[in-house]
Amino acid sequence: MRKRDHNPLTNAASLLICGLLAGVVVAAAAFPAVAMSGLAAKAGAETFDRLPTELTVKKAPQISYLYAADGKTVVATMFDENRRDIPLKDIPPVMRNAIIAAEDHNFYKHNGVDMKGVARAFVNNSSAGAQQQGASTLTMQYVRLAISYSATKPKDVVAATEDTTARKLKEMRYAMQVDKELGKDGVLERYLNIAPFGNGAYGVYAASQVYFGKHPKDLKIEEAAMLAGMVKAPDGFDPTNPVKKPKALDRRNYIINNMRDLGQITVAEADAAKATDLVVKARPTPNGCVAANKNHWGFFCDYFYRWWLSQETFGATTYDRERRLKSGGYRIVTTLDPKAQEAAHKHILANQGVNKKQALMLAGVEPGTGRVRSMAVNRNFKLDNPTKPTNPYSSDPAKAKRKVRATYPNTTNPLLSGGGDIAGYQAGSTFKIFTLVAALEKGYSLNHTMNAPNQYRSKYVISSSSPAACKGTHFYCPTNDNPSMAGTHNMWSAFGHSVNTYWVALEERVGAEKAVEVAKRLGIKFAGSPAQQNSDAWLAANAETWGAFTLGVSSTTPLDLANAYATLAADGKYCEPIPVQEIIDQEGNKLDVANTRCKQAVKVEVARAAVDAARCPLGDRSSTTKCKTATAGNVRGVVGKPVAGKSGTTDGDKTASLVAMTKQYAFAGILADPDWPQQDRIKMGHDVNGGVNPAVYNTLRDAMKGKPAIDFTPPGSKTVQGDERSIPNVKCQSVNSARSELKDAGFEVEVDNKRVPSSCPAGSAAGTSPDGRTAKGSLVVIEVSNGSGGTPPGNSGGQPGTGPGNGNGNGRPPGR
């Protein structure tokens, strides 16, 4: 590429001429109306060579690109100005020649200021009735644009383009210095990257994409000429406007003729180019999450956007951070897994349409990294038209009375991650996992057995008017979903069968505050203020009395719930949920803010034990599990890989939840009405048409296709069995004697007053449940003989194993 040598004599002559012409020539050339005014005289008095020469240029705003985890699939673009700088080598000669033919024929002959052009414009503009001419070179135009983009105050932007002689002189002085420092190629590259081309396109890369849907290197003569013709007046020569298209065509052909006359193209090439129809595609570049490349990606994109605005790395205020995102030209590789996202979207819509009140919300997280792999819901990610709304009024009567619109079918609310007025949804018995972990941390083993009656009278005090209180008392008395669930349980069977009374009793022994503390460590947030009585935050701050916590009465989001379980799948390593895996700035630097942020939240052995119990609800087993009934027992068969998780439902089926995970993915689904989470008009289902379960387990199955089956590591024997010891043989002893001997052996003892067939004397001990061996501190139930001479049934104390139900509250239908 040609680069003119800077001859000292030529530069000196230019300085001298500029000084002589400063007062009159420049003003006449550029602003004929002021040529003989006081402004001209003032400018002439200035010493030209004392004007500033150092031009401070800030980088022009650049478009930021969001890619999926594969680093190739574009999720969305974000910008204040649609611009992407590219090096001159990626701009073809035909485009460089076209802009010279359009704006500055002597570009390679002058030193930034075309003094012949200035003189010619002066002579022409001095003639009465002559059409006015200008004398700006490409270099001077670049200077003007650079000053505008580098301005920090509005008045500086105005000063960069105002019609004054002083501005023109400074522009010329800067242009000479820029030409000297950058050379012709440098000026040309910067100009073509900064110039406006209309329709929101800045720079030749964006213009090529907007008007022709191609990279600049693929531009043809007629296309380059059209683009070059637009920089003079992007709106006036807009080829997408039917009224202005003829002017754009004339301008294009004028530039093609110039390219021919300058010897840049042949006569034949010029004729062929002019004969080509002016065809533009007019593809405005999508901007923001509402214009994500697939609409259902918008919810993930919005989560990313909110995450970005929370990162102090990008500025002191949210305004500063947004400006960095939309002008910083970042290459952002997000964590979105297109395969998992497509599966989630597909299976959600197969169960719930976008026009349903109930939202089926599904989030997926990668254990061990916190990378958010999918976020989907049966909603359109878009703003509802306020003048012609599609959304009906809210299902919440109080909101509907205020004419508040619902969030279906259109919304941009963060339904899956929370924020604003979205606090989350009750997730039912999925929260039992936090009591399980707290108990393991306190030394209880998975084999810890307790008797779980159909109704348990706890020591937690609640209002005596509450339906959850024991009749005539102020004590919290939870019941099981089905009477058949009563009996002796260990952690495996109690978690797999979701036995409410077992977990409330265990929570009481461990301390509800310990279970809450575990939930916090695993990333569960508590909405509201600790000062706001009965808010989740207030209850968490006073958790010693929160007996219902283990049954999932606190609100959460699918994202936080998935990440809590993912922490256990990762052997207790908690990682903050993060939507990015790589961020590269314009200089090619990788930013540390994209790194995962992890810590050990739970001991490895405790996490493995918790997962071992969590295999039971989904129909999975390990070498150590002692599962009984499963609440979602078909998941293992559907997924075909080792799985763990938990189902959950709130009282009255107000919400339904399912968590299902492997070592590679943790998916959490919640089915609820986000406009009125406490509604009681729609019963949310599990493994039924429209239920939450199929969307979750089918998504996990599809996401796992092609991935290896990695088994969860079983816990050690001490965590499984605890301090296991033999249960004394108390057969045919008196009940009091049997009780005393069992207590002395280190067990908790209860007596089952329901008599069983036995050859022992009536009223004596017929045996125990369990028998053989169990952990120290576990419950041993004495079975009482009826003296009939028969053989007592094994485990007659009531080990469950029959009867449906998920045990998440009172009076719900079974089989979930």
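For the structure itself, consult the block above.
Within any chain, residue numbers begin from 1 and follow the written order of that chain's sequence. Local features in a predicted model are, by the rule used here, given only for residues with pLDDT of at least 70; side-chain atom pairs are given and counted only at 80 or more, and totals for whole chains, interfaces and linings are based on all residues. Side-chain numbers come from the whole structure's heavy atoms, not from hydrogens or water.

(A) View of the sheet that holds strand 1 (residues 64-67). Any two strands are treated as partners once DSSP identifies two or more bridges connecting them. Numbering of helices and strands runs from the N terminus; a helix is a DSSP stretch of H or I covering at least four residues, while a strand is a stretch of E covering at least two. The strand order across the open sheet formed by four strands is 2-1-5-15, and the pairing between neighbours is mixed. Each end of this open sheet is capped by a strand with a single partner; those strands are strand 2 (74-78) and strand 15 (580-584). In this sheet, adjacent strand axes meet at a mean angle of 15 degrees when their direction is disregarded. Relative to strand 15, strand 5 (residues 331-334) is paired through four bridges, and the arrangement is antiparallel. Bridged to valine 333 within strand 15 is glutamate 582. Structural elements are reduced to axes, namely lines fitted to C-alpha atoms, with helices fitted over the stretch in contact, and the angle between N-to-C directions of any two is expressed from 0 to 180 degrees.

(B) Seen up close, the nonpolar core. Ranked by size, the top nonpolar core spans 114 residues in total, and within it Trp308, Phe434 and Ile583 carry the most contacts. It is helix 13 (residues 298-309) that contributes the most residues to this core, nine residues altogether. Whether two residues touch is decided by their heavy atoms; if any such pair falls within 4.5 Å, the residues are in contact. Among residues more than four places away in sequence, those in contact with isoleucine 583 are Trp307, Trp308, Phe314, Tyr330, Arg331, Ile332, Asn589, Lys590, Leu591, Val593 and Ala594. The nonpolar core is taken to be a set of buried Ala, Val, Leu, Ile, Met, Phe, Trp, Tyr and Cys residues, with the residues joined through side-chain atoms within 4.5 Å. Relative accessible area decides the class of each residue, using a 1.4 Å probe on protein chains only: under 20% of the type maximum gives buried, over 50% gives exposed, and in between gives partly exposed. Counting 65 residues, the second-largest nonpolar core is a separate cluster that includes Val143, Tyr211, Phe237 and Ala273.

(C) Spotlight on the pattern of salt bridges. The salt bridge criterion pairs a side-chain nitrogen of Lys or Arg with a carboxyl oxygen of Asp or Glu, the two atoms within 4 Å. Counted under the stated rule, the structure contains 30 salt bridges. Note that lysine 294 and glutamate 342 form a salt bridge whose closest N and O atoms lie 3.1 Å from each other. With a gap of 48 residues between them, lysine 294 in the loop between helix 12 (267-275) and helix 13 and glutamate 342 in helix 15 (residues 338-349) connect regions that are remote in the sequence. Look at lysine 294 and you get partly exposed, because its relative accessible area is 36%. Connected through salt bridges with shared partners, the residues Asp80, Glu322, Arg323 and Lys326 form a single ionic network.

(D) The state of the cysteines, seen in detail. Here, two cysteine sulfur atoms that lie within 2.5 Å of each other are counted as a disulfide. For the structure shown, the criterion picks out five disulfides. In this model, cysteine 289 is linked to cysteine 301 through a disulfide, with the two sulfur atoms separated by 2.1 Å. Here the disulfide of cysteine 289 and cysteine 301 is left-handed, its torsion about the S-S bond being about -75 degrees. Linking cysteine 289 in the loop between helix 12 and helix 13 with cysteine 301 in helix 13, this pair joins segments that are twelve residues apart in sequence. Neither cysteine 289 nor cysteine 301 differs from the other in exposure class; each is buried. The residue that forms a disulfide with cysteine 575 is cysteine 598, at a sulfur-sulfur distance of 2.1 Å. The S-S bond linking cysteine 575 to cysteine 598 shows a torsion near 105 degrees; that makes this disulfide right-handed. Here cysteine 575 is found in strand 14 (residues 573-575), whereas its partner cysteine 598 is found in strand 16 (residues 598-600), with 23 residues between them in sequence. The class for cysteine 598 is partly exposed, based on a relative accessible area of 33%.

(E) View of the packing of aromatic side chains. Stacked, edge-to-face and tilted are the three classes for Phe, Tyr and Trp ring pairs, Trp counted by its six-membered ring, which pair at centre distances within 6.5 Å; planes under 30 degrees apart are stacked, over 60 edge-to-face, the rest tilted. In this structure the tally under the stated criterion is 17 aromatic pairs. Each ring, one from phenylalanine 495 and one from tryptophan 503, has its centre 5.8 Å from the other, and the planes form 80 degrees; the classification is edge-to-face. Given a relative accessible area of 0%, tryptophan 503 falls into the buried group. Here the aromatic rings of tyrosine 665 and phenylalanine 667 are separated by 5.5 Å at their centres, their planes lie at 25 degrees, and the arrangement is stacked. Neither residue differs from the other here; tyrosine 665 and phenylalanine 667 are each classed as buried. Members of the aromatic cluster, each reached through a chain of ring pairs, are Phe304, Trp307, Trp308, Phe314 and Tyr330.

(F) Up close: the packing of helix 10 (residues 221-230) against helix 11 (residues 245-261). Packing of helix 10 against helix 11 leaves a shortest axis separation of 8 Å and a crossing angle of 110 degrees. It follows from the interaxial angle that helix 10 and helix 11 lie roughly perpendicular. For the crossing formed where helix 10 meets helix 11, the hand is right-handed. On helix 11, the residues that touch Ile221, Glu222, Ala225, Met226, Ala228 and Gly229 of helix 10 are Arg251, Arg252, Ile255, Ile256 and Met259. Throughout, the ten residues Ala, Val, Leu, Ile, Met, Phe, Trp, Tyr, Cys and Pro are labelled nonpolar, Asp, Glu, Lys and Arg are labelled charged, and all others, Gly among them, are labelled polar. Counted by class, the contact of helix 10 with helix 11 contains seven nonpolar, one polar and three charged residues. By the definition adopted for this analysis, an angle is roughly parallel if under 35 degrees, roughly antiparallel if over 145, roughly perpendicular if from 65 to 115, and oblique otherwise. Each helix crossing is assigned a hand: it is left-handed if the near helix lies turned anticlockwise from the far helix by less than a right angle, otherwise right-handed if that turn is clockwise.

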